[in-house]
Amino acid sequence: MCFDLPAIRRLLATVLLLLAGLMAPARAEDEVRIQEEIWALSLPLPMFAYLVRPVGDGPFPLVIMNHGVSLNPRDRSFFPLVEFRDAAKWFARRGYLVVAPVGSGYGAAAIDIPERALYGPFFSKVGKCTNPNFRDAGLAVAQVDLWIIDHLAAQKRIIPKDVIVVGQSAGGWASIALSSVNPPQVKAIITFAAGRGGRVGGKPNNNCAPDRLVEATADFGRTSRVPMLWIYIENDTFFGPDLSKRMHAAFTAAGGRAEYHLMPPFGDEGHFFIGSPDAIPLWSPLVAKFLEAQK
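Attention here is on the structure that accompanies the text. Residues take numbers from 1 onward in each chain, read along the sequence in its written order. Note on the predicted model: pLDDT of at least 70 is required for a residue's local features to be given, and 80 or more for side-chain atom pairs to be given and counted; whole-chain, interface and lining totals, by contrast, use all residues. Computation of side-chain values: all heavy atoms of the structure, hydrogens and water removed.

## With respect to unusual backbone geometry
Move 1: With an omega of 5°, the peptide bond between G58 and P59 qualifies as cis.
Move 2: Positionally, P59 belongs in the loop between β2 (47–54) and β3 (60–66).
Move 3: Although it is not a glycine, A209 adopts a positive phi angle of roughly 45°.
Move 4: Looking at where A209 falls in the secondary structure, it is placed in the loop between β8 (186–192) and α6 (210–221).
Move 5: Summary of the burial criterion: residues with accessible area below 20% of their type's maximum are buried, those above 50% are exposed, and those between are partly exposed, where the area comes from a 1.4 Å probe applied to protein chains only. The class for A209 is buried, based on a relative accessible area of 18%. In DSSP terms, a helix is any run of H or I states spanning at least four residues, a strand is any run of E spanning at least two, and both are numbered starting from the N terminus.

Next comes the structure, spelled out in structure tokens:
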């Protein structure tokens, strides 16, 4: 029997290449090793933060993730130290240093005992729905983002002009507020279910002064020029489709730059979409495409 040894070698080489392809990670980012940490940030208003980043010294591009708010001091006292862990790790595997600060007045700092004249430093209230101050509540948290950027840049841990800000709910509203001051370090902003004054009294689709919220959104849009991606979910009972579409229309008509996406219903309550690992395959293609367009 005669064997064509060169042909056999070529066949074996092809098989080995195919096997290597099957065993290799499907995405290059899966090869990025990451580490998780808890930091105490020495900001003008000190706070804790969950941090996840690629292994190594950096500097890295930065992602700041802003969480939502609760007006109930008891709820704030039980607020988790680690929020959006799976979403944060998704960004870290793409080379970002991700910081998710725990807002002042949450966790152990959620002290609110009026009868003893003790009040936690919770600075993001909007006031009464008869005259809400949505604008300043958003800008207050946006200021924290600027502190974090300056703090990490001074330590040379980040690439100063390669910052992405991501926010959910009131954290998303703060991110919209941040866009209105156009910080030169921030090249893009992504929001999930952004807004303020949702579910007043715990009632679904019961919003605090929605017309005023739309007006405040337009006010931010007049000066905002940062590219933004806004993601909302159909079954969000805090900021439903009608309200979120009005906000987007007001923002862009005023001059703001925002790409709007309304996702299909997710689970029992779409408002917490970004917090679920099951949602990552749904939002990550939109986010990856948006970020690629900012390069």
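On we go.
## A look at the sheet that holds strand β9 (residues 228–233)
Move 1: Overall, mixed pairing links the eight strands, which are arranged β1-β2-β4-β3-β7-β8-β9-β10 in an open sheet. Looking at strand neighbours, the two that pair on one side only are β1 (34–41) and β10 (258–263), the edges of this open sheet. For this sheet the average axis-to-axis angle between neighbouring strands, irrespective of direction, equals 20°.
Move 2: Paired strands, in this sense, are two strands between which DSSP finds at least two bridges. Alignment of β3 against strand β4 (residues 97–101), held across three bridges, turns out to be parallel. Following the sheet pairing, I64 is matched in β4 by V99.
Move 3: Sitting on the sheet, helix α7 (residues 241–253) touches β9 and β10, and the angle it makes with β10 is about 170°. Between N-to-C directions, angles span 0 to 180 degrees; the directions come from axes that are lines fitted to C-alpha atoms, helices contributing only their stretch in contact. By definition, residues are in contact when any of their heavy atoms lie within 4.5 Å.

As far as function goes, none of this settles anything; it's purely spatial.
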